[in-house]
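Observations on the three-dimensional arrangement
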Amino acid sequence: MKKNKLLLIGWDAADWKIIGPLLAKGEMPTLKRMIDNGVYGNMSTMNPPYSPMLWSSVATGKTPDKHGVLGFIEPLEDNSGVRPVTVNSRKVRAIWNILHNKGYKSNLVGWWPSFPAEPINGVVITDKFQKVSLDPKKQKPMANGTIHPKNAEKDFKDLRMFPYEITSEHVLPFIPLAAKIDQKKNKGLTPIAKIISENVSIHNATTKLLRTTEWDFMAVYYDLIDHFCHSYMKFYPPKLKGIYEDQYEIFKDAVVGSYRFQDMMLERTLELVDDDTTVIVMSDHGFESGDKRLLVMPKVQAAAAMDHRQFGMFVAMGPNIKKNEKVYGLGLIDIAPTILHHFNLPVGEDMDGKVALDIFKETKDVKYIKSWEDVEGDFAELDKKKSSDTFSDEETMEQLIELGYIERPDEKIENAVNKTKCDLKHNLARVHMGKKNHERAKEILLELIKEKEPIDISAYYMDLVGLSLEKKEYDQAQSYLDTLKSIKTDVKYALFFTEAAILLGNGKTLKALKVLEDARDDNRTNNSEIWYRIGVINHSLGRFSDAQNAYDRAIKIEPDKAKFHKALAENFIELGEYEEAVESALTSLELVKYYSEAHYVLGRALEKLGDLENAKIAYETASRLTPKTFHHAEKALENIEDKLIETVHLVDKKSNAYKKDQIVIVSGLPRSGTSLMMQMLNSGGLNVLTDENRKADKSNPKGYFEYDPVMSIHKDNSWLEKAQNKSVKVVAPLLKFLDSKYRYKIIFMNRDLNEIIKSQQIMIGKNPDDLPIKLFEAFKKQLINVETWKNKEPGVEIMYLNYKDVLENTSEAIDKVTSFIGVDMNKPEMAACVDKTLYRNKS
């Protein structure tokens, strides 16, 4: 008897939202037993959530851009047609190829895709095995490559169940009121025979292999739940508007029936494995079961996948698996590295996933290899030229069409092939978008928008808008959006999100908020994303109570969105509710373990509570996860280390020490003395960044020391690199657009608000005694916003300096400035800049 075996079972689309109530009612006892004796948690999916792509990531530990499976169908090698995706699309080695090379024996049943079968040490029952025609008169011989080894076909062919063998006794457990259906008028029972028979075929093959073969690793894939959900989820309670009452009563139990049947098959499976076997049950994504269910599918590629939810499920049980513990942060790409580690094999450094060490009782160091692709030897790989003979699969194609995963291919072969190629390229672009490979994604999309009819290019423009927003190229985003609006398409896009994002990027915050609030009021369904974005804007405006209400509404609708809980944690910090902030940040990390921004927010909350050691760990984690892009974490880590050093009295902390490549910002409200301070720094020997385009005038006879690109910093802040080790003037409202990857010393000039407004009124030729109240209140709010912004920016140090003190206590003010900047300066020259006669607008 072999030891250390591992059985991987895939339940496509299984979702904790359905499983939870069934566990509570005792209706999935086998899975409950696994949970009690093992670990469980969420399984995070990827974008786009298309099953062949996802299950190939499970098998390889790599994202689709690396493994090559990019959709449900693929063009034939000679471009003479299209077919369901095959293993020929996969261009890297799967877990069973690696195990074959190391002498292990593997069985594979129904994996999607696995046809044509790879000649591994073991038995492969491919995803073509169970696909048969509904019509008993149209059955075809089993295609070459359906089973490996070929001589095993005789042992398995009679294990297939056919749709015509399904009787009322099979149907009634799923649809107890099936007898009420008039099958001449209502086709609601049509899918069920095919779904049940196919999954029973998979189960029959699985149990035979478990009973009759020796193996080390075995992987089985069921699409039962996914296909039941696509056919019957619209009838699942609670009843949706638009669903007829009689239809609801007949079909409402169908989805639950699929889960119960899957649990029954799991029970028999576990009876056939011993206690030394580790068993993993997982899904690739969840399935919408609430208000977000779609009753009418939009005319977009793989529209049915729009019902897929971000999180699937994961359960594992075995001799070295922890008992009855919840685990966090698992992703599909973590499965293959974890299985390799289970077998004490090295993980490829080119794999995108990580070993899920949290599931094991006893852990060992993870071993690594540069890449399994570079290892020579027998990996039981197909000769794809020989295995790529044209083969059709009409039954599978028809099922994919019925489920809504693909459109019926164009009768013109060249159109069908071109449409398929475009869809695959678009999927690849979306994968790159998900991985933040923005330039590569854009290259692909720019090629795709050159396509002509009948290709609908609107989706490509929609993604280009999204990419431009990611890169903060708001004018470009608007240009793409304008083009999108001019394209004739049957697809109805929710453009209010995009319009609000562009307005927000261009500094039109209140207009952006109005767009979202109008959409919220017009939207007949409760949209969590609208509430979330309303919360983000209110947070940026300092309306923290309004933001909390919006975040709470978003979380109530969709409680398993990590970014919602992270945003709520940030808001709690601003409200001074630090323990609640920690709790919300941890909830976010339970959902997505490797969420760098949530780790950072957790660090901020812990730091506020005085837990410096754990704050440091959180900042270190955030920095390690995104070392090249998440500069907040790096700055916060430096600051926390300074605090820890100060706490243990190792050295005196010098908060004003010079920071390498620091940028000195002179800021304040207009007419608060910023030009005087810039002149003093310039005379004191600090280089200033100015283009001298704005000349001196009677309002500022000694010059403005401004730099024109500052005015458009909200669109482009790349020029900040030139400001390192220099000083530049940035007025208070624009501080929030500073790039967080730099270190800043900000000298913020304060002045009596009455004097500021009076000076501004004179400057623009208005009556100085006419002080607009709204402007006064707006300036007060801007000063509050600066303080709020500063508290969130670990790379920012700020010193407030009163304009009047500079004039009346010049030497003391200069000492403060030079000490704060941390460099030696020519103090007499700085003092010589002060001209008290220019203090003309006194309060």
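Residues numbered from 1 in each chain as written. Predicted model: local features only at pLDDT ≥ 70, side-chain atom pairs only at ≥ 80, totals over all residues. Heavy atoms only, no water.

1. Here we look at the overall build of the protein
Counted only if it meets this: Under the scheme used here, helices are H or I runs from DSSP no shorter than 4 residues and strands are E runs no shorter than 2 residues, and both carry numbers assigned from the N terminus. For the accessible areas, the method is Shrake-Rupley and the probe is 1.4 Å, while residue cover comes only from the protein chains on display.
For the protein, the helix and strand inventory stands at 32 helices and 20 strands. As presented, the protein carries roughly 38000 Å² of accessible surface, and 49% of it is formed by carbon and sulfur atoms.

2. Some remarks on the packing of helix H24 (residues 596–608) against helix H25 (residues 612–625)
Put simply, the test is: Every axis corresponds to a line fitted to the C-alpha atoms, with the helix fit spanning only the stretch in contact, and the corresponding angles, defined between N-to-C directions, vary from 0 to 180 degrees. For classification, angles of less than 35 degrees are called roughly parallel, those exceeding 145 degrees roughly antiparallel, those between 65 and 115 degrees roughly perpendicular, and all remaining angles oblique. Note: crossing handedness is left-handed where the near helix turns anticlockwise from the far helix by less than a right angle, and right-handed where it turns clockwise. Residues are treated as being in contact if the distance between any of their heavy atoms lies within 4.5 Å.
Orientation of H24 relative to H25, taken along the N-to-C sense of each, is 160°, at an axis distance of 8 Å. Looking at the two axes, H24 sits roughly antiparallel to H25. In this structure, H24 meets H25 at a crossing whose hand is left-handed. Side by side, H24 and H25 meet where Ser596, His599, Tyr600, Leu602, Gly603, Arg604, Leu606 and Glu607 of the first sit next to Leu612, Asn614, Ala615, Ala618, Tyr619, Thr621, Ala622 and Leu625 of the second.

3. Some remarks on the pattern of salt bridges
Our working definition: By definition here, a salt bridge exists when the distance from a side-chain nitrogen of Lys or Arg to a carboxyl oxygen of Asp or Glu is within 4 Å. Here the term buried applies to any residue with accessible area under 20% of the maximum for its type, exposed to any over 50%, and partly exposed to those in between, with areas from a 1.4 Å probe on protein chains only.
Going through the model one piece at a time under the given rule, you end up with 39 salt bridges. Here Glu381 and Arg93 are joined by a salt bridge, their closest N and O atoms 3.2 Å apart. Pair noted here: Glu381 is in the loop between strand E16 (368–369) and helix H13 (394–403) and Arg93 is in the loop between strand E4 (82–84) and helix H5 (95–101), with a separation of 288 residues, a long-range link. Judged by relative accessible area, which is 41%, Glu381 ranks as partly exposed. Notably, a salt bridge pairs Glu499 with Lys485, separated by 3.0 Å at the nearest N-O pair. Of this pair, Glu499 sits in helix H18 (residues 496–505) while Lys485 sits in helix H17 (residues 474–486), placing them 14 residues apart in sequence.

4. So, the packing of aromatic side chains
Selection rule: Aromatic rings from Phe, Tyr and Trp, taking only the six-membered ring of Trp, are treated as a pair when their centres fall within 6.5 Å; an angle between ring planes under 30 degrees marks them as stacked, one over 60 as edge-to-face, and anything in between as tilted. Here, a charge over a ring is recorded when the distance from Lys NZ or Arg CZ to the ring centre is within 6 Å and its angle to the ring normal is within 35 degrees.
According to the stated counting rule, one finds 21 aromatic pairs in the structure shown. Centroid distance Phe228 to Tyr232: 5.6 Å. Interplanar angle 40°. Geometry classified as tilted. In this pair, Phe228 and Tyr232 are both assigned in helix H9 (residues 224–232), four residues apart and thus about one turn of the helix distant. Neither Phe228 nor Tyr232 differs from the other in exposure class; each is buried. Summarising the aromatic geometry, the rings of Tyr532 and Tyr551 are spaced 6.2 Å apart at their centres and angled 40° between planes, so their arrangement reads as tilted. Linking Tyr532 in helix H20 (residues 528–540) with Tyr551 in helix H21 (residues 544–557), this pair joins segments that are 19 residues apart in sequence. Tyr532 gets classed as buried once you look at its relative accessible area, which sits at 13%. Its guanidinium or amino end placed over the ring of Phe379, Arg93 lies 3.6 Å from that ring's centre, counting from NZ or CZ.

5. Digging into the sheet that holds strand E20 (residues 796–802)
Stated precisely, the cut-off is as follows: By the convention used here, strands pair only if DSSP detects at least 2 bridges between them.
Pairing within the open sheet is parallel, and its four strands lie in the order E18-E17-E19-E20. Bordering the open sheet on either side are strand E18 (727–729) and E20, each of which pairs with just one other strand. Strand after strand, the sheet turns through a mean of 25° between neighbouring axes, direction not considered. Along the sheet face, helix H27 (residues 674–683) touches strand E17 (663–668), E18, strand E19 (744–750) and E20 and points at about 155° away from the line of E17. Relative to E20, helix H31 (residues 810–821) is tilted by about 175°, and along the sheet it contacts E17, E19 and E20.

6. Remarks on the nonpolar core
Threshold: Side-chain atoms within 4.5 Å link the members of a nonpolar core, which is a set of buried Ala, Val, Leu, Ile, Met, Phe, Trp, Tyr and Cys residues.
Ranked by size, the top nonpolar core spans 80 residues in total, and within it Leu8, Trp96, Trp111, Phe217, Met282 and Phe314 carry the most contacts. Examining the composition of this core, we find that seven residues originate from one element, helix H16 (residues 458–470), more than from any other. Met282 has contacts with Leu8, Ile9, Gly10, Trp11, Met43, Trp55, Val58, Met313, Phe314, Leu332 and Ile335, leaving out every residue within four places of it along the chain. Membership of the second largest hydrophobic core comes to 71 residues, among which are Val171, Phe174, Ile196 and Met317.

7. A closer look at the packing of H17 against H18
In the contact formed by H17 and H18, the axes pass within 9 Å of each other and the chain directions differ by 155°. Relative to H18, the element H17 is oriented roughly antiparallel. The two elements H17 and H18 cross, and the hand of that crossing is left-handed. Facing H17, whose interface residues are Tyr474, Ala477, Gln478, Leu481 and Lys485, H18 presents Thr498, Glu499, Ala501, Ile502 and Gly505.

8. Some thoughts on helix H3 (residues 51–60)
Among the ten residues that make up H3, ten are buried, leaving the element largely enclosed by the rest of the structure. Within the span of H3, buried status applies to Ser51, Pro52, Met53, Leu54, Trp55, Ser56, Ser57, Val58, Ala59 and Thr60. Downstream of H3 by one or two residues, Gly61 has phi in the positive range, about 75°.

9. Some points on unusual backbone geometry
A cis geometry characterises the amide bond from Asn47 onward to Pro48, with omega recorded as -5°. Mapped onto the elements, Pro48 comes out in the loop between strand E2 (38–44) and H3. Between Glu453 and the following residue, Pro454, the backbone shows a cis peptide bond with an omega angle of 15°. For Pro454, the position within the fold is in the loop between helix H15 (438–448) and H16. Residues other than glycine seldom take positive phi values, yet Asn344 does so here, at roughly 60°. Among the structural elements, Asn344 can be located in the loop between helix H12 (335–342) and strand E15 (347–348).

10. A look at the environment of Val823
Along the chain, the position of Val823 falls in the loop between H31 and helix H32 (827–832). Sequence-wise, Val823 and Gly685 are 138 residues apart; in three dimensions their C-alpha atoms are separated by 9.8 Å. Excluding residues that lie within four positions of it along the chain, Val823 makes contacts with Tyr658 and Thr818.

11. Description of the environment of Trp111
Residue placement: Trp111 occurs in the loop between strand E5 (106–109) and strand E6 (122–125). Accessibility expressed as a relative area gives 1% for Trp111, which makes it buried. Sequence-wise, Trp111 and Asp127 are 16 residues apart; in three dimensions their C-alpha atoms are separated by 5.7 Å.

12. Considering the side chain of Lys566
Relative to the helices and strands, Lys566 resides in helix H22 (residues 562–574). If we ignore the near neighbours within four places in the chain, the residues touching Lys566 are Ser588, Tyr595, Glu597, Ala598 and Val601.

13. Looking at the confidence of the model for the protein
Selection criterion: The predictor rates its confidence in each residue with pLDDT, a number between 0 and 100.
This prediction gives the protein a mean pLDDT of 87; 89% of its residues lie at or above 70. In the predicted structure, residues 648–654 sits below a pLDDT of 50 and forms five contacts with residues beyond four places in sequence or in another chain.

14. Topic: the environment of Ser596
With respect to the helices, strands and loops of the structure, Ser596 is situated in helix H24. The exposure class of Ser596 is buried, given its relative accessible area of 10%.

15. A look at the pairing of E2
Of all seven residues making up E2, six are buried, and the element is well covered by its neighbours. Two strands pair when backbone bridges link them, and E2 and strand E13 (residues 325–326) are joined in this way by two bridges, in the parallel orientation. Across the sheet, Tyr40 pairs through a bridge with Lys326, a residue of E13. Pairing of E2 with strand E14 (residues 330–331) involves two bridges; the strand directions are parallel. Paired with Ser44 across the strands is Gly331, a residue of E14.

16. Points about the pairing of E17
With six of six residues buried, E17 lies mostly within the body of the structure. Of the two faces of E17, the one lined by Ile663, Ile665 and Ser667 and the one lined by Val664, Val666 and Gly668 are each fully buried. Bridge count between E17 and E19: six bridges; the pairing is parallel. Considered in E19, the bridge of Ile663 is made with Tyr744. Judged from the three bridges that link them, E17 and E18 form a sheet pairing that is parallel. When the bridges of E18 are listed, Val666 appears paired with Lys729.

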